[in-house]
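Summary of the model geometry
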Amino acid sequence: MFDKILIANRGEIALRVIRACREMGIASVAVHSTADSDAMHVRMADESVCIGPNSSAESYLSIPALVAACEITGAQAIHPGYGFLSENATFVQVLEDHGITFIGPSAAHIRIMGDKITAKETAKNLGIPVVPGSDGGVPDYETAKRVAAEIGYPVIIKATAGGGGRGMKVAQNEEALEIAFRTARSEAKAAFGNDEVYMEKYLQKPRHIEVQVFGDGKGRAVHLGERDCSLQRRHQKVFEEAPGPCITPEQRARIGGICADAMAELQYSGAGTIEFLFEDGEFYFIEMNTRLQVEHPVTEAIFSVDLVREQIRVAAGLPMEFRQEDLTIRGAAIEVRINAEKLPNFSPCPGKITQYHAPGGLGVRMDSALYDGYKIPPYYDSLIGKLIVHGRDRDEALARLSRALGELIVDGVDTTVPLFNALLAEPDIQKGDYSIHWLEKWLAKTF
Ligand code: ADP
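Keep in mind the model is a prediction, meaning the values are calculated, not measured.

Residue-level pLDDT values for the chain average 97, and 100% of them are 70 or greater. What the predictor reports for the complex is a pTM of 0.96 with an ipTM of 0.96.

The next point concerns the nonpolar core. A general tendency of soluble globular proteins is for nonpolar side chains to be buried together. F239, L387, L401 and L423 are the most contacted members of the largest nonpolar core, which totals 39 residues. At the level of secondary structure, the elements contributing two or more residues to this core comprise β11 (236-242), β14 (332-339), β19 (364-368), β21 (383-391), α12 (394-407), α13 (417-424) and α15 (438-446). When sequence neighbours within four positions are dropped, the list of residues in contact with F239 reads D228, C229, L231, I334, E335, V336, L401, L423, I429 and Y434. Among the nonpolar cores identified, the runner-up in size contains 38 residues, and Y82, L224, V298 and V305 belong to it.

Within the open sheet, the three strands sit side by side as β7-β6-β8. Their pairing is antiparallel. Only two strands of the sheet have a single partner each, and these edge strands are β7 (168-171) and β8 (197-201). When the angles between neighbouring strand axes are averaged without regard to direction, this sheet yields 25°. Looking at chain direction, strand β6 (residues 155-159) and β7 are connected through four bridges and run antiparallel. Paired with I157 across the two strands is K169, which belongs to β7. Running at roughly 20° to β8, helix α7 (residues 141-151) makes contact with β6 and β8 of the sheet.

What follows concerns the site of the ligand. In the vicinity of the ligand, 18 residues are found, and the nearest of them are K116, K158, G165, K201 and L203. Residue K116 places a side-chain N or O atom 2.8 Å away from an oxygen atom belonging to the ligand. When the ligand sits alone it has 550 Å² of accessible area, and the protein chains cover 92% of it. Those elements that place two or more of their residues in the shell around the ligand are β6, β8 and β13 (282-289). For the shell around the ligand, the residue count by class is eight nonpolar, four polar and six charged.

On to the packing of helix α4 (residues 89-97) against helix α5 (residues 107-114), then. Here α4 crosses α5 at 170°, and the two axes come no closer than 8 Å. Viewed along their axes, α4 and α5 adopt a mutual orientation that is roughly antiparallel. Judged by residue contacts, A89, T90, V92 and Q93 of α4 engage A107, I110 and R111 from α5.

Turning our attention to unusual backbone geometry. In this model, Y153 is joined to P154 through a cis peptide bond whose omega is -10°. Inspection of the secondary structure puts P154 in the loop between α7 and β6. One non-glycine residue, F84, lies in positive phi territory at about 40°. Take F84: it is sitting in the loop between β4 (77-79) and α4. A residue is classified by how much of its surface remains accessible, and F84, at 28% relative accessible area, is partly exposed. The backbone of S304 sits at a positive phi, close to 50°, despite the residue not being glycine. Its location among the elements puts S304 in the loop between α10 (296-303) and α11 (307-315).

Calculation rules
- Within every chain, residues take consecutive numbers counted from 1 along the sequence as written.
- With pLDDT at 70 or above as the cut-off, local features in this predicted model cover only qualifying residues; side-chain atom pairs require 80 or more to be listed or tallied, and sums for whole chains, interfaces and linings still use all residues.
- Hydrogens are left out, water is left out, and the side-chain values use all remaining heavy atoms of the structure.
- pLDDT is a per-residue confidence score from the predictor, ranging from 0 to 100.
- Here the nonpolar core consists of buried residues drawn from Ala, Val, Leu, Ile, Met, Phe, Trp, Tyr and Cys, with membership extended through side-chain atoms lying within 4.5 Å.
- Note on exposure labels: buried denotes an accessible area under 20% of the residue type's maximum, exposed denotes more than 50%, and partly exposed covers the range between, all computed with a 1.4 Å probe on protein chains only.
- Counting from the N terminus, the helices are the DSSP runs of H or I reaching at least four residues and the strands are the DSSP runs of E reaching at least two.
- Any pair of residues with heavy atoms lying within 4.5 Å of one another is described as a contacting pair.
- For two strands to pair, DSSP has to find at least two bridges joining them.
- Only C-alpha atoms enter the line fits that serve as axes; for helices the fit covers just the stretch in contact. Angles between N-to-C directions range over 0 to 180 degrees.
- One heavy atom within 4 Å of a molecule or strand makes the whole residue count as near it.
- N or O atoms within 3.5 Å of each other form a polar contact, as long as, within protein, one can give a hydrogen and the other can take it, and as long as residues adjacent in sequence are counted only when both atoms are side-chain atoms.
- Methods summary: accessible areas were calculated by the Shrake-Rupley approach with a probe of 1.4 Å, and residue burial reflects only the protein chains presented.
- Polar here means any residue outside two lists: the nonpolar Ala, Val, Leu, Ile, Met, Phe, Trp, Tyr, Cys and Pro, and the charged Asp, Glu, Lys and Arg; Gly therefore counts as polar.
- Should an angle fall under 35 degrees it is taken as roughly parallel, and over 145 as roughly antiparallel, whereas 65 to 115 is taken as roughly perpendicular and any remaining angle as oblique.

Here it is, written out as structure tokens:
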């Protein structure tokens with residue numbers, strides 16, 4: 001096992017990793033930008049190193065600074081958290097060249113899944129169901145017309161180099177296809193410097209269902225059920241739950257088994273998430289994230305596992321602590337993302353926290369790096385906390401969420417808490433009846 005791990009991240013996820021290290025008896029090294037010198041992760045780690053100025057590009061994304069920080073402190077491994085360098089294959093390669101262990105999958109797996117076309121092709125070859133569409137890039141309008149006729153309208157045209165939900169165009173019929181195809185290409189060129197696009201059948205009212213997988217890198221892999229993350233604004237998740245309220249045990253076992261087998265065949269190492277759109281009982285692969293997700297705690301709650309501990313163990317060459325048959329679901333869990341944002345436009349709202357009080361009690365977990373007097377810097381994302389609740393069933397989790405939100409105090413900045421209070425009053429949310437379009441429609445009429 002490692003003696004010392006460096007955490008190449010900030011905020012609540014850095015705390016999350018430090019906590020796992022401490023329980024495992026591993027020393028932790030925090031890194032920080034100048035703006036973050038008073039941040040909680042710096043205070044909580046055993047050691048800390050300033051790796052650069054405010055901007056992420058010169059600090060949390062600086063590979064040379066991170067390698068130097070490992071060399072200065074003697075850290076043997078890096079946990080990347082999520083975001084920043086967590087899905088950067090070059091980073092993984094550089095660490096390998098320096099004899100530093102990356103706590104995550106191989107550079108090759110990150111690279112395959114980081115490219116939309118190779119990801120989809122790989123998924124398909126591994127037996128994972130994908131959205132019907134073009135096999136790879138669509139070079140011209142004539143091909144686009146032929147592909148659309150084969151898969152049927154409506155279709156979606158997506159930039160191969162796209163990301164974050166950008167660079168997508170929907171065509172309802174052949175008349176609309178030409179303009180959609182040409183705009184998608186020129187926008188892709190302008191936004192990503194690459195005009196290659198591909199096509200898929202456009203699903204009308206899908207849910208976003210993602211399967212948590214875990215591999216030991218040696219051909220053993222398991223799944224830990226699914227999360228429903230359909231409640232999104234501009235493709236950003238705001239409310240996540242596990243298990244998915246619309247997924248039956250049979251559907252879970254089927255898609256989970258397919259995903260676990262695929263990861264075993266790939267010899268995938270560590271935590272990963274396979275994302276699907278789900279409609280009319282069918283799963284359609286959209287992408288795989290080769291890292292820990294923001295919403296991993298809902299899975300931890302219902303399976304009573306520590307995914308970060310497991311990531312560290314597997315990276316150190318130890319076997320996974322669970323087998324598929326050990327993994328049974330207990331109850332239901334919900335996470336809400338508390339952002340320092342001002343409604344109704346969700347504009348970032350950095351500033352000083354004058355008072356912070358975290359909720360507690362049975363089944364409540366608050367992952368946050370806030371403290372009284374903390375100044376949220378304007379340079380990074382606006383996530384300031386995740387409130388996770390666990391109940392014996394979904395109704396209990398909802399009641400607990402409402403109770404915990406009532407206890408939470410974050411004074412000094414605007415937050416997304418009022419959004420969640422309003423959501424909890426909605427019959428559709430109470431029933432779990434929502435698609436990926438629900439939140440945007442509701443926001444348009446409510447706020
Ligand atoms: P990105 O990497 O830009 O996030 P994704 O391929 O993951 O792109 O798609 C982002 C979102 O776009 C999905 O979560 C979904 O809301 C929507 N989307 C993507 N593909 C389809 C599709 N075939 N049909 C309907 N919606 C889609």
